[in-house]
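Results of the structural survey
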Amino acid sequence: MNVLRRPDAGGWTTARAIAASVRSGELSAVEVVERSLEAARRLDRVLHFLDELAADEALRAAERLEPTGPLAGVPFLIKARTPPESPILERLIAAGAIAIGWSTRARPGAVSLTFGWNGREYTRNPWDPERSPGGSTAGGAAAVAAGVVPLATGGDSGGSLRIPAAFCGIVGFKGTYGRVPRPGGRGRGGLTTAGVIGADLDDVVLATSIASGPHRLDPSALPHWPVPAESTRRWRVAYFSTLGACAAEEGVDRVLRERLAATDVQLVDVRLKLAPTDEAWPVLSALDNGRGAEAAAANRAREIRDHNNTALADLFAEVDVLVTPTTLTVAHGYDQHEQSIVTGDPCWVFNVTGHPAVSVPAGLSNGLPVGMQVVAPHGADAVALAAARHLLAGLPRPPISVGVPSASS
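Attention here is on the structure that accompanies the text. (Residues numbered from 1 in each chain as written. Predicted model: local features only at pLDDT ≥ 70, side-chain atom pairs only at ≥ 80, totals over all residues. Heavy atoms only, no water.)

1. A short note on the nonpolar core
Applicable threshold: Working definition of a nonpolar core: buried Ala, Val, Leu, Ile, Met, Phe, Trp, Tyr and Cys residues. They are joined through side-chain atoms within 4.5 Å. The classification of residues rests on relative accessible area computed with a 1.4 Å probe and restricted to protein chains. Under 20% of the type maximum is buried, over 50% is exposed, and intermediate values are partly exposed. Numbering of helices and strands starts at the N terminus; helices are DSSP runs of H or I of at least 4 residues and strands are runs of E of at least 2. Whether two residues are in contact is decided by their heavy atoms, any of which lying within 4.5 Å being enough.
Grouped together as the largest cluster of nonpolar side chains are 92 residues, with contacts concentrated most on F49, L71, V323 and V358. Tallying contributions element by element places helix α2 (residues 29-47) first for this core, with 9 residues. Apart from the residues lying within four places of it in its own chain, the contact partners of V358 are V171, G172, F173, L201, M372, Q373, V374, A384, L385 and A388.

2. Thoughts on the packing of aromatic side chains
To describe a pair of aromatic rings, you give the distance between the ring centres and the angle between the ring planes. Worth spelling out the cut-off: Pairing of aromatic side chains requires ring centres within 6.5 Å, counting the rings of Phe and Tyr and the six-membered ring of Trp. Pairs whose planes differ by under 30 degrees are stacked, by over 60 edge-to-face, and all others tilted. Two conditions define a charge located above a ring, namely a distance within 6 Å from the ring centre to NZ of Lys or CZ of Arg, and an angle within 35 degrees of the ring normal.
A complete count under the given rule lists 4 aromatic pairs for this structure. Both rings, one in W117 and one in Y122, keep their centres 4.9 Å apart while their planes meet at 65°; by these two values the pair is edge-to-face. With a relative accessible area of 24%, W117 lands in the partly exposed category. The ring of W117 has R107 lying over it, and the distance from NZ or CZ to the ring centre is 5.1 Å. One cation-aromatic arrangement involves R124 over Y334; the distance from NZ or CZ to the ring centre is 3.6 Å.

3. Some words on the sheet that holds strand β3 (residues 98-103)
This is how it is decided: At least two bridges found by DSSP between two strands is the condition for calling them paired. Helix axes use the C-alpha atoms of the stretch in contact, all axes being lines fitted to C-alpha atoms, and the angles between their N-to-C directions lie in the range 0 to 180 degrees.
On the basis of which strands lie adjacent, the open sheet formed by 11 strands has the order β1-β3-β2-β4-β6-β5-β10-β11-β9-β7-β8 and mixed pairing. Of all the strands in the sheet, just β1 (50-53) and β8 (266-267) have a single pairing partner and so form its edges. As paired elements, strand β5 (residues 171-174) and strand β6 (residues 193-198) share 2 bridges and run antiparallel to each other. Across the sheet, residue G172 finds its bridge partner in β6, namely I197. The sheet contacts of helix α8 (residues 250-262) involve β7 (236-239), β8, β9 (321-325), β10 (357-365) and β11 (368-375), and relative to β10 the element is tilted by about 105°.

4. Topic: the pairing of β6
For β6, a buried count of 6 out of 6 residues is recorded, marking the element as mostly surrounded by other parts of the structure. Side-chain alternation along β6 places T193, G195 and I197 on one buried face and A194, V196 and G198 on a second face that is also buried. Bridge analysis of strand β4 (residues 151-156) against β6 gives 6 bridges, and the strand direction is antiparallel. Following the sheet pairing, G154 is matched in β6 by G195.

5. Focus: a negative patch on the surface
What counts, and what does not: Patches were defined on residues exceeding 30% relative accessible area and lacking a salt bridge, with like-charge contacts within 9 Å and nonpolar side-chain contacts (Val, Leu, Ile, Met, Phe, Trp, Tyr) within 5 Å. The method behind every accessible area is Shrake-Rupley, applied with a 1.4 Å probe, and residues are considered shielded solely by the protein chains displayed. What makes a salt bridge here is a side-chain nitrogen of Lys or Arg within 4 Å of a carboxyl oxygen of Asp or Glu, nothing more. Positive charges come from Lys and Arg alone, negative charges from Asp and Glu alone, with His and the N- and C-terminal ends not counted. Positions of charges follow a simple convention, taking NZ of Lys, CZ of Arg, CG of Asp or CD of Glu.
Taken together, the side chains of D51, E52, D56 and E57 define an acidic patch exposed on the protein surface. Summarising the element assignment, D56 is placed in helix α3 (residues 55-64). What makes D56 exposed here is its relative accessible area of 53%.

6. Looking at the packing of helix α10 (residues 295-316) against helix α11 (residues 345-353)
Angle between the axes and distance between the axes: these two values describe a pair of packed helices. Threshold: Oblique is the label for every angle not falling under 35 degrees (roughly parallel), over 145 degrees (roughly antiparallel), or within 65 to 115 degrees (roughly perpendicular). Note that Gly is not counted as nonpolar here; it falls among the polar residues with everything else outside the nonpolar set of Ala, Val, Leu, Ile, Met, Phe, Trp, Tyr, Cys and Pro and the charged set of Asp, Glu, Lys and Arg.
At a minimum axis separation of 9 Å, α10 and α11 run at an interaxial angle of 105°. Relative to α11, the element α10 is oriented roughly perpendicular. Facing R305, N308, N309 and L312 of α10, the residues of α11 in contact are V349, F350, N351, V352 and T353. Among the residues making up the contact of α10 with α11, the classes are represented as 4 nonpolar, 4 polar and 1 charged.

7. Here we look at the pairing of β9
In terms of residue burial, β9 counts as a mostly covered element, since 5 of its 5 residues are buried. In this sheet, β9 lies alongside β7 in parallel orientation, the contact comprising 3 bridges. Of the residues in β9, the one forming a bridge with Y239 is V323. Across 4 bridges, β9 lies against β11 in antiparallel orientation.

8. Re the environment of A62
Locating A62 in the fold gives a position in helix α3. With a relative accessible area of 6%, A62 lands in the buried category. Along the sequence, A62 and D203 sit 141 residues apart, while their C-alpha atoms lie 20 Å from each other. Those residues in contact with A62, other than ones at most four positions away along the chain, are A29, V30, V33 and I98.

Below, the structure is given as structure tokens:
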């Protein structure tokens, strides 16, 4: 049995199931890591998701592991250039997870970051190697979707967890700003949130809970966030196919409307007028990255943030969650990021405002995944995730993935 597959359902084994098997002794951490490394070597030849493999280090960690933690023996990938002292890495490893290497991300300084690059090749999407896996957490999303690892770390300052999750048909969660501590503490711009991408929503919830809470490098992070109880309520949903001037592709909009119609939710017709974030996001990004900003530009960015926060507060007085496409298009060509810069437009606004937002698969359009973004009020991460659990659609395995005989040909 391949430890990353469920023989009964043909899908990927969850991180929780892997950890339970390691804790019980049914599997050893070394077995799990060896099989994950073999899959990484084989599929990276096609998908180019690895920045660097850490096979020796991973196997040594597996040999030393005391199999008691909630993520005992679970292999994961780290986004390239993540500081080694990052609290999310410290806490996932303390919970028993084992890093097998670093995943690709977009090249620094690119105009659009919805791609991955390993220094020689573009990272490819397991659903279609002519397509991009999104970005900037590109390699992590491709590896998770292909079944190489169940989890990968990343950060989200403009959709970098949610966009690749949408393109690859998996789960990407950006919690309320400050949900997961960061090595540099709170940024001056307040855009970036650390987090994880996963094949399974409840794995993402567990990993986020483990990583949450104040840390000595980020003592102002939000309090520890326990795994929330499941909810069976009927959700009041506002759906917008776009939040800006650019429209979603017809196929993307159709998949989301069909998914909403197939679930027992109450669609509520409400108004929402958001200010464009084009002015605010670059200023806040500059502040987050230690660059200065003119006082007038910073004040204007704050005005936009305040306006949108008020508009969203009014909306959430009438509904439980806001649903949008995560991206306006399905995955674009692997090297077409500059021509597709607006695809992640629905994501950016919630980095500016700091709301919790999760992308889950809603279905397929012309054989490619469509992501559904579920947004909830500040602090109501559990609401966003519970509604997303109700709304998400199960997808088949992508053509290039663990267990598919021709995947590495």
